[in-house]
Amino acid sequence: MRIKDILREKGLEVIAVDINASISIAIKKMVERRIGAVLVMEGANFVGMFTERDVLRCWAEKGVESMDNIKVSEVMTKDLVVAEPDDDVNYAMTIMINKNIRHLPVVEHGKIMSVLSIRDMVKSHVSNLQAEVH
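Nothing here was measured: the structure is a model prediction, and the numbers come from that model.

Overall, the prediction assigns the protein chain a mean pLDDT of 87, with 94% of residues at 70 or greater. When the elements of the protein chain are averaged for pLDDT, helix α6 (residues 118–133) gives the smallest value, 71, and strand β1 (residues 16–18) the largest, 96.

Time to look at empty space enclosed by the protein. Counted according to the given criterion, the structure contains one cavity of 30 Å³ or more. By volume, the largest cavity is sized at about 30 Å³. Forming the walls of the largest cavity are V81, V82, A83, D87, Y91, A92, I95 and L104. In terms of residues, the lining of the largest cavity owes the most to one element, helix α5 (residues 89–99), which gives three residues. A per-class count over the lining of the largest cavity returns seven nonpolar, no polar and one charged.

Right, let's talk about the sheet that holds β1 for a bit. Strand order in this open sheet of three strands is β1-β2-β3, and the pairing throughout is mixed. Two strands bound the open sheet, and with one partner strand each, they are β1 and β3 (45–51). Geometrically, the sheet is characterised by an average inter-axis angle of 35° between neighbouring strands, direction not taken into account. In the sheet, β1 pairs with strand β2 (residues 37–42) via three bridges, with the strands oriented parallel. When the bridges of β2 are listed, V17 appears paired with V40. Across the sheet, helix α2 (residues 23–33) lies against β1, β2 and β3, angled at about 75° from β3, the strand it touches most.

What counts and how
- Residues numbered from 1 in each chain as written.
- Predicted model: local features only at pLDDT ≥ 70, side-chain atom pairs only at ≥ 80, totals over all residues.
- Heavy atoms only, no water.
- pLDDT = per-residue confidence, 0-100.
- Helix = DSSP H or I, 4+ residues; strand = E, 2+ residues; numbered from the N terminus.
- 1 Å grid on protein atoms, 1.4 Å probe; cavity = no way out; pocket = protein on both sides within 12 Å on 5 of 7 lines; lining within 4 Å.
- Points joined across faces, edges and corners; volume = space filled by probe spheres on them.
- Nonpolar A, V, L, I, M, F, W, Y, C, P; charged D, E, K, R; others polar.
- Pairing = 2+ DSSP bridges.
- Axes fitted to C-alpha atoms, helices over the stretch in contact; angles between N-to-C directions.
- Contact = heavy atoms within 4.5 Å.

What follows is the structure, encoded as C-alpha cells:
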C-alpha cells in the first residue's frame, strides 16, 4: 500500500497557520479542528510544523501567559521528515516510529499535499488486516 492510497481516503485538506501567527492562534485552530499539528506557511511555502509537543515545550519554558506574544515561528519544528505519495506505508510508519514523530507531511513536486498522522497510518493498517481476515 502507498501513501497516495491513504490520501484517497483521507483527502487532501491542509490545515495551516501563517509563520507570524501567535501560538494562541495555532492552538485554537488545532483545538477547533481536533488535530495535533498544523503546518506553518510563509506565503505559499511550507516552512515548518507546529505540534502538541511544541505547545508543551513552549509552555514549560515560557509559561502560559506568554502564548499570545510568541510567534509560532519561534517554537515550530523546522527540520521535518516528509513523505511522497508513492512511498510505501510501512516505510513511512517505520520512519515515524524510529524518529518518534506523529505527523508526516506529504509533499509532491515541492508542494505540500497533506499531513498524515500516526492514527491515519494505523487506521489504514487495521483496515487492511480486517480485509485479510475476511
